[in-house]
Every structure is written in C-alpha cells, then in structure tokens.
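What follows is the residue order along each chain.
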Amino acid sequence: MRRRSMSAARRGIIALTLFAAACRSADAPKLVETIDSHAATARLLVAELGTQHVSRRYAIDLTHRLGQGLDQQATAAEQARLSSDDRRRVGDALARARRDVARAAAVAGAP
Amino acid sequence: MKKLLEVALGMVTGIGGFLEAGSIATAAQAGADFGYQLLWAIALGTLALIFLLEASGRLAAVSQRTLADAMRERFGITYFVIPLVVGLLVSVLVLSSEIGGAALALEMATGIAFRWWALPVALCGWFVLWRGTFGAIENGTALLGLASIAIAVAAVRLHPAWAHVASGLAVTRPTHDRAHYWFLAVGIFGAAVSPYLYYFYSSGAIEEGWDVGCVASNRWSATLGNLFGGALSAAVLVVAVLVFRTRGIHVERFQQMGLLLTPALGHWGFVLMLATLGINCFGATAEVALSCAYLLAQAFGWEWKQDARPREHARFSLSYTVVIVLAAVPTALGVDALALTNFSMALTSASLPVTVLPLLVLMNDRAYLHKHCNGWTSNVALGIIGVLAVVLLFVTIPLQILGGS
C-alpha cells in the first residue's frame, strides 16, 4: 500500500515536471532574445572595460558565465522542436553572441 | 530631540533594511524585462510593509508582547505551529538567498567562486550575532547600507523620462510574457513584505524597551524609513530600465548587477554596487537569522535577548547558529542565487496569510491594544493586504511553474 502511494507521488512529480517543462518550452524568438541578451551584456562589458570602470577579474568571471549561458541556450535549442529556418536563426544568433563573448574575454585578458 | 533621533535612526534602518538580495534582484529583472510597468508592485509592497511594520511595532509597544508572543497567546499553540513552521521555512530560504547575494558580491570583487564564500559569510554573520548587540546589528548594517543611495544618484544622473516613470505606478497589463510579469509582481511584493521583517521589528521593539510613548515615533519611522527604502528599490528598477532594457539585456545572473551603476557612476558605480549588494545582503543575513531565533525562542518560551551573553540564553544562541549554517548549504553547493531568490520571494508571498490575518485580529483586540486599536484606515489597509495575501496563496505556485525563471 505504502509502495503504491510512493509510486503515485513519484508519478505526480514527474507529471508536474513535464507539465512545467511543456509550459516553458523554448521557442525560437525567446531563444534568440536570450542569446542576444548575453551578447548585449558582453558588449556593455567591453565598453566598461575600455573605460576601466570594472575590474578584469570581474570581467573574466562574467564572460565565463556568459559562455556557460550560451552553452545552455545551445542545448535548449537542440532539444526544442524548431523549424529549419528557426534553427538557422538561433544558430546565427549563437554565433554572433559567441563572437561578442570571445571579444569580451580577450579584452579582459581571460586565459 | 531624543524622539527625533529615534525617528531618524528608524528611517536609516528602513533605508538600509529595505534593500536586500530579493528586492534588488526582482526590481532589476522587472526593469530589464518590463520597463517601468512593474513600479506599481514596488509601491504596493512598500505601502503594505508600512502598515504591517507600524502595526507590529504598535502591538509590541502597547502590549509589551512581540507579534509571535501575542499570536501564540491569542490563538493557542495549535494554531501557532502553522505560522511558526511556515515562517521558519520561508525565512531559511530568504536567508539562503541573502547569503548567496553577499557571496556573489564577494565573487565579483575577488574572482573567487561564490560557493567558496558561503561558509565565510555565514561564519561572519554568526560572529556578529554572537558578539554584537541588537542596536549595533540593526543600526550598524543600516548605516553601512546607506551606500545604496548611490543607486538613487545613478537613477537621477541617467535622466529618465519622469512622466514615463510615473506611468509605471498605474497597474497595466503586460504585452508579452504575462506569467513572468505576474510572477515578478508577486516576487517584488514578497521581497517587500517578508514575515521576518515584522517578527524582527516587534522583537526589536521589546529589546529596545518601547512603551506606549513610542507609538508616534514608531508610526513616523515605519512610514518614512520604508518610503525611502521603497524609493531606493524603485531606483534599482529605473536604473535597470535605462542600463539593461535599452540595450536588450535580460537579468539572468546576479553577476550582471556589477554593470548596473557603471554607465552612470563609472568605476565608483562598480565599487558601490558591490558594496550595496554585499553590505545589504550581509545585514539581512544577520537580521533574518536573528528573526528565526526570536521566532523559535518565543514559540517555545525560551529566554531570549540579543543583548545578553550567548551562554545566558543558550537555546536562543544555538537557534541562530543552526539556522545560519543550514542556510549556507545551498550556496555552498552552488545553487543558482537568482533562481533561489526568485523562488524564495514568491514563496514568501504565499506564506503571508498565516501572519497577516491573525495580525488583523490582534490589532482590533482591546485586551492587547487598549485605546490604540486599529482605526478604520489601518483596518482597511490590513484587510486589503489580507485579501491579497489569500489570493497570492493560490496563485503563487501556478505562477512559479508558468513564469518562474
């Protein structure tokens, strides 16, 4: 009896998780917006580094986090059901963002 | 003169105490994602906090009982178990996010990953509680927290269109991401009215020996202090609109906050933002841990007084020691601080009914308040907050699923 109720609870949690995932499923415009946001953060960082407003340590750390964020978006894009056009748009945005983040990392002197 | 000083100190405490990980994170996300549209939620949260703090302070000053004491006495331990458990759970989550906020400020300053800072921050917080007096903790962190005024200076220097800013005070429907909009509104409200604030405030009133003569100064310091605190929270939102939203940046990591003030204040903006985040989160860490210890001690009838030596009130001291160590664990394990903050602020909103509704009853009980019972204004305000709290209880979890980050 106890085992059955635990199994029901587990099924409930799985159903809730799937429901939450379905509600938040990634779509192309949302993915592009998030990726562009990372790129914009990287550009702002480059500008602030140029005027020496922020420390290099901070910039290196932030570019590392932005890179991690882009990896997460790339994984989300792979798992999402996207048309080939949308997949290309997301891919282009990812490429642009990676360039911006790499530039920020280079300006910061990241290893 | 003494009363004036008390009010001034209360205002400073309000300014320093209002801004913490939750209010900074939710206001910055709101500004970046929805412009000025969610300013009304900050205004609503500020007004609600003014009424809740004024009521809990008046209750303590007149009845010589903290909010927890009065709730346990009036409704019995059978009911009080609910606000006790809910209050502790929510406060530990809030405490975790404050430790995370302070640890992230240190990460941004040193480059050492935030998870390594979790235990040192908790240890420093514990040391301050172990060695410090109530006044030193409350006023010291609040005075240092005045660094937050830099956010208001940045907001003015960025020249926002004030007419647009003012338009955000009206509740409007979002044009996109509705669930996320309402989730942020709930989070902003939760960040403003965390139950730990009024448990802490009423316990502080007893620690400081308030009496009926403090009713007026309590009203002024609760009102003015939180108005200033709310204004600073609104300033975070305004700066986030002008720095993040105009560039298409969404706030997805606490680390982005390091860039919030630099366009307006240059290098000092970076330093002051880290100081604001670090000091306010550290101050909130000490206050939330102390609030948990107050709640536990008052629930179980233990001796409690922050100004006494720890060994004189051993169970009280042990309570904040255990709570602060427990709360450091999520950050030490590397749990994302922004997600934790959003989650804990939303849950705080959901937990409000168990405290707000009993407070409304207590504030109308002549056995406690005598001639200082609620007038119609306070009753209407607390009634509205109570209804809102019940609504939030039912909508928070669905919004967490649909709109949480």
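Residues numbered from 1 in each chain as written. Chains lettered and ligands numbered in written order. Predicted model: local features only at pLDDT ≥ 70, side-chain atom pairs only at ≥ 80, totals over all residues. Heavy atoms only, no water.

Draft legend 1. Looking closely at the overall build of chain B. Counting its regular elements, chain B contains 17 helices and zero strands. Over its C-alpha atoms, taken along the principal directions, chain B stretches across nearly 55 × 45 × 45 Å. Split into buried and exposed, the 405 residues of chain B put 61% on the buried side. Considering only intrachain contacts with a sequence separation of at least 6, the fraction spanning at least 24 residues in chain B is 84%. (Helix = DSSP H or I, 4+ residues; strand = E, 2+ residues; numbered from the N terminus. Buried < 20%, exposed > 50% of the residue type's maximum accessible area, 1.4 Å probe, protein only. Contact = heavy atoms within 4.5 Å.)

Draft legend 2. Summary view of the environment of B:A332. Residues and elements named next belong to chain B. Within the secondary structure layout, A332 lies in helix α13 (residues 314-332). The class for A332 is partly exposed, based on a relative accessible area of 28%. Between the alpha carbons of A332 and A102 there is a distance of 12 Å; along the sequence they are 230 residues apart.

Draft legend 3. Local environment of unusual backbone geometry. Residue and element names in this part refer to chain B. Within the chain, Q64 stands out as a residue other than glycine whose phi angle is a positive 60 degrees. The exposure class of Q64 is partly exposed, given its relative accessible area of 45%. At D177, a position not held by glycine, the phi torsion is positive, near 45 degrees. Looking at D177, the relative accessible area reads 32%, which means it is partly exposed.

Draft legend 4. Just a nonpolar patch on the surface, in detail. Residue and element names in this part refer to chain B. Where nonpolar side chains cluster on the molecular surface, the patch consists of L357, V387, V390, V391, L393, F394 and V395 and spans about 570 Å² of accessible area. Element by element, the count of residues in the nonpolar patch is highest for helix α17 (residues 376-403), at six residues. Among the secondary structure elements, V391 is positioned in helix α17. Exposure remark for V391: the relative accessible area of 43% places this residue in the partly exposed category. (Patch = residues over 30% accessible without salt bridge, like charges linked within 9 Å, V, L, I, M, F, W, Y side chains within 5 Å. Areas by Shrake-Rupley, 256 points an atom, 1.4 Å probe, with all protein chains shown as cover. Salt bridge = Lys/Arg side-chain N within 4 Å of Asp/Glu carboxyl O.)

Draft legend 5. Region of the structure containing the interface of chain B and chain A. Contacts between the two partners involve 29 residues from chain B and, on the opposite side, 26 residues from chain A. Summed over both sides, the interface between chain B and chain A buries roughly 2,300 Å², with carbon and sulfur atoms accounting for 56% of that surface. By the criterion of area lost to chain A, the three top residues of chain B are B:R253, B:L259 and B:I401, representing 27% of everything that side buries. In this structure, the connection of chain B to chain A is made through two salt bridges. A salt bridge links A:K30 to B:D177; the nearest nitrogen and oxygen atoms lie 2.8 Å apart. At the junction of chain B and chain A, the tally comes to eleven residue pairs in polar contact (both at pLDDT 80 or more). The set of elements that each furnish at least two residues to the side of chain B that touches chain A consists of α4 (67-110), α12 (262-300) and α17 of chain B. Examining the composition of the side of chain B that touches chain A, we find that five residues originate from one element, α12(B), more than from any other. For the side of chain B that touches chain A, the per-class residue count stands at eleven nonpolar, 13 polar and five charged. (Buried area = accessible area lost by both parts, 1.4 Å probe. Polar contact = N/O pair within 3.5 Å; in protein donor to acceptor, adjacent residues only side chain to side chain. Nonpolar A, V, L, I, M, F, W, Y, C, P; charged D, E, K, R; others polar.)

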